[in-house]
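Structural description and commentary
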Amino acid sequence: MALKGNKLDRETFSCPICLDLLKDPVTTSCGHSYCMNCIKSHWDGEDEKRIHSCPQCRQTFKRRPVLKKNTMLAALVEELKKTGLQAAPADHCYAGPEDVACDVCTGRKLKALKSCLVCLASCCEKHLQPHHEIPVFVKHKLVEPSKKLQENTGFRHDEVMKMFHRTDQRYICYLCSVDEHKGHDTVSAAAERTERQRELEVSRLNIQQRIQDREKDVKELQQEVEAINGSADKAVEDSEKIFTELIRLIEKRRSDVKQQVRSQQETEVSRVKDLQEKLEQEITELKRKDAELEQLSHTEDHNQFLHNYPSLSPLSQSTDSSSINIRPLRDFEDVTAAVSELRDKLQDVLRDQRTNISLTDTEVHVSLSGPEPEPKTRVEFLKYSRELTLDPNTANEYLLLSEGNRKVTFMEQEQSYSSHPDRFTDWAQVLSRERLTGRCYWEVEWRGYGVVIAVTYKNINRAGSSDECAFGFNDKSWRLNCNTNSYYFYYNSVQTPVSGPRSSRVGVYLDHSAGILSFYSVSETMTLLHRVQTTFTQPLYAGLIPSAYGVTAELCKVK
């Protein structure tokens, strides 16, 4: 079997799919041959359509054909490899549809290795040799293979466009620059490239710097995520321990109550049974005595009756009815009432918004653009508005809360509040239920002589008349005194006069993380009265003090 490895032979024995010599050739029923892996891969892609076809003639098959190696064709291919493959270039060197083909090759073209910007041609390795050996070609500019070489030629003069027209922002040839574009702002393409290259390097430096900044931000955010996860895991672990301990204490208390009730039950039942036994003995004795008397009463002999009557034993002393103390079941009902009261108190604690365990007030602010600017207009402030309510458990006994616990009035008579550790005992003060973190804004409307508007930490002292309990006279609270004719700000007992237009409505803006606390006079416009810049170490609570009897202050519903 003698075959020449010429072009016809190679194309005849090449796979129509990979364009390489057949490997493990198989032949379909329509007579076309393929590499086994190539046709299998082709049909794998058609499995979803459930239609299998020949890639050349498009004949379809009802079922995917079972492929077997064509041994005769395989032998022919092996013979071809021995006789002609060494002299022919490898098939992977030929240009495919996506490759840049050599412009010099005839017939089946090889892949281009470089493109020449002077010759405006792409050459394979063989046809590129003159550019490496002939001096006139050595100076030509070689670049990576490109299909767009002809775009470098101007259609007007058919010359290579080596100039750049800066006004029109396009390439032109040299003849255009001295002809129709004479006197225009033109430079060589190389000069324009140099300038643009400098700009590109600056842009790259900026991009690289931004990449470093963003990578640093990502790293910091990752650390923030790890910190949040660690803090949350610890909070869950700690709260589980605390709740477990709380449940254990409740279980122990339940066991103690049960034991006490059972012990009391045993004592009372024993007492009652002892008394019951004593009464039953007395009944037996009385029945026996009654029987004797009945028998004697039926004696007909008078002498016998009178003789036996004195011999009858006297009755034992009767049990005093007053000693039979039938206790009501109120003792056990009192236990039930006490447990119910304990349950109600626990429910009140759990429902209390101040102690309610919630993450709604926990804010995690992550910003890559720095802190947001402080609001300027009332509309901007209202974006951060909070609807606050007053906590009855903190209200002094001379303060009356109304309007859904949003309004407070200074009364002349004490109010009937139950005892509570959070209550201000001497100062006529009251706190909000809601704690304040992040950005918050609220407004207070007041009537009367004057009002104190404050914010404070929760751990401010409550009992007594010392300055440690009064808003603005310690390092735990800040206050603004609003009177009909003046304003004063207090912090840690230091008084600061404040000027500004009088208004019966005052707005309060808090940026907890930024340490900003601002008071505004609110009318048709907003006027800043006083601004504090500090560092807040704990969540804050809003506070109010009506300054005299009859004065009212209300936390407004703002929209």
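Criteria and cut-off values
Residues numbered from 1 in each chain as written. Predicted model: local features only at pLDDT ≥ 70, side-chain atom pairs only at ≥ 80, totals over all residues. Heavy atoms only, no water. Helix = DSSP H or I, 4+ residues; strand = E, 2+ residues; numbered from the N terminus. Buried < 20%, exposed > 50% of the residue type's maximum accessible area, 1.4 Å probe, protein only. Contact = heavy atoms within 4.5 Å. Areas by Shrake-Rupley, 256 points an atom, 1.4 Å probe, with all protein chains shown as cover. Pairing = 2+ DSSP bridges. Patch = residues over 30% accessible without salt bridge, like charges linked within 9 Å, V, L, I, M, F, W, Y side chains within 5 Å. Salt bridge = Lys/Arg side-chain N within 4 Å of Asp/Glu carboxyl O. Phe/Tyr/Trp six-rings, centres within 6.5 Å; stacked < 30°, edge-to-face > 60°. Polar contact = N/O pair within 3.5 Å; in protein donor to acceptor, adjacent residues only side chain to side chain. Core = buried A, V, L, I, M, F, W, Y, C linked by side-chain atoms within 4.5 Å. UniProt positions renumbered as here; feature names shortened; annotations may be inferred. Axes fitted to C-alpha atoms, helices over the stretch in contact; angles between N-to-C directions. Disulfide = S-S within 2.5 Å.

Some details on the overall build of the protein chain
For the protein chain, the helix and strand inventory stands at 10 helices and 23 strands. Looking at the protein chain as a whole, 30% of its 559 residues are labelled buried. Long-range contacts, defined as pairs at least 24 residues apart, comprise 56% of the intrachain contacts of the protein chain with a sequence gap of at least 6. Surface accessibility of the protein chain: about 36600 Å² in total, with carbon and sulfur atoms responsible for 53%.

Thoughts on the pairing of strand β18 (residues 494-498)
Sheet analysis places strand β17 (residues 487-491) next to β18, joined by 5 bridges and oriented antiparallel. Residue pairing for β18: Tyr490 is matched across the bridge by Gln495.

Concerning the sheet that holds strand β7 (residues 142-143)
The strand order across the open sheet formed by 3 strands is β6-β5-β7, and the pairing between neighbours is antiparallel. Sheet topology places β6 (121-123) and β7 at the edges, where each strand pairs with a single neighbour. Direction of pairing for strand β5 (residues 114-116) relative to β6: antiparallel, over a ladder of 3 bridges. Following the sheet pairing, Ser115 is matched in β6 by Ser122.

Section: a nonpolar patch on the surface
A cluster of nonpolar side chains, Phe243, Leu246, Ile247, Ile250, Leu346 and Leu350, forms an exposed patch at the surface whose accessible area comes to about 530 Å². Listed by contribution, the elements that provide at least two residues to the nonpolar patch are α7 (189-297) and α9 (330-351). Per-element tally for the nonpolar patch: the top contributor is α7, with 4 residues. Among the residues examined, Leu350 registers a relative accessible area of 53% and is labelled exposed.

Things to note about the environment of Asp475
You can see Asp475 is positioned in the loop between β15 (450-457) and β16 (477-483). Considered as a pair, Asp475 and Ser493 are 18 residues apart in the sequence and their alpha carbons are 8.5 Å apart. For Asp475, the contacting residues outside a window of four places in its chain are Tyr457, Tyr491 and Asn492.

Overview of the environment of Ser419
Its location among the elements puts Ser419 in the loop between β12 (407-410) and β13 (430-436). Residue classification places Ser419 among the exposed residues on the basis of a relative accessible area of 75%. Along the chain, Ser419 and Asn393 lie 26 residues apart, while their C-alpha atoms are 8.3 Å from each other.

Notes on the packing of aromatic side chains
Centre distance and the angle of the planes are the two values used to describe a pair of aromatic rings. Within the structure shown, the criterion is met by 13 aromatic pairs. Pairing Phe410 with Tyr549 gives two aromatic rings, centres 4.9 Å apart and planes at 80 degrees, and the pair type is edge-to-face. A residue pair is termed long-range when its members are at least 10 positions apart, and Phe410 in strand β12 and Tyr549 in the loop between β22 (540-546) and β23 (552-555) qualify at 139 residues. Given the relative accessible area of 15%, Phe410 is considered buried.

A closer look at the pattern of salt bridges
Per the stated rule, a full pass over the model turns up 20 salt bridges. Each of Arg378, Glu443, Glu445, Arg447 and Arg505 takes part in salt bridges that share partners, so that together they form one network.

A word on the side chain of Lys289
The topology assignment puts Lys289 in helix α7. The exposure class assigned to Lys289 is buried, which follows from its relative accessible area of 6%. With sequence-adjacent residues up to four places away left out, Lys289 is seen in contact with Leu312, Ser313, Pro314 and Leu315.

Considerations on helix α2 (residues 36-46)
Taken together, the buried positions of α2 are Met36, Cys38, Ile39, Trp43 and Glu46. If you follow the buried residues of α2, they end up packed against β1 (25-27), β2 (33-35), β3 (52-53) and β4 (60-61).

Focus: the side chain of Asn481
As for its placement among the helices and strands, Asn481 is situated in strand β16. A distance of 2.9 Å separates polar atoms of two side chains, one belonging to Asn481 and the other to Arg479. If we ignore the near neighbours within four places in the chain, the residues touching Asn481 are Val451, Val452, Ser486, Tyr487, Tyr488 and Tyr490.

A closer look at the nonpolar core
In a soluble, globular protein the nonpolar side chains are often hidden away together inside. Counting 37 residues, the largest nonpolar core has Trp442, Ile453, Trp478, Leu480, Leu517 and Leu544 as the members making the most contacts within it. Core analysis: the second largest hydrophobic core is formed by 18 residues, Leu21, Tyr34, Cys38 and Cys54 among them.

Details of the UniProt feature "coiled-coil region" (unreviewed entry) in the protein chain
According to UniProt, the "coiled-coil region" (unreviewed entry) feature falls on residues 204-238 and 262-299. The span residues 204-238 is 100% helix and 0% strand, and its two end C-alpha atoms sit 50 Å from each other. Overall, residues 262-299 shows 95% helix and 0% strand. The separation of its end C-alpha atoms is 56 Å.

Some thoughts on the pairing of β13
Burial within β13 is extensive, with 5 of its 7 residues counted as buried. As paired elements, β13 and β22 share 4 bridges and run antiparallel to each other. Among the inter-strand pairings, Leu436 is bridged to a residue of β22, identified as Leu540.

Notes on the sheet that holds strand β20 (residues 516-522)
With antiparallel pairing, 7 strands are arranged side by side in an open sheet as β11-β12-β23-β14-β19-β20-β21. Pairing within the sheet leaves two strands with one partner each, and these edge strands are β11 (399-402) and β21 (526-533). For this sheet the average axis-to-axis angle between neighbouring strands, irrespective of direction, equals 20 degrees. Both strand β14 (residues 439-447) and strand β19 (residues 505-511) contribute to a ladder of 7 bridges, which runs antiparallel. The residue bridging Arg439 from the neighbouring strand is Asp511, located in β19.

Some points on the state of the cysteines
Across all of its chains, the model carries 0 disulfides by this definition. For Cys57, which is in no disulfide, the shortest distance to another cysteine sulfur is to Cys30 and amounts to 3.7 Å. Relative accessible area serves as the criterion here: at 37%, Cys57 is assigned to the partly exposed category.

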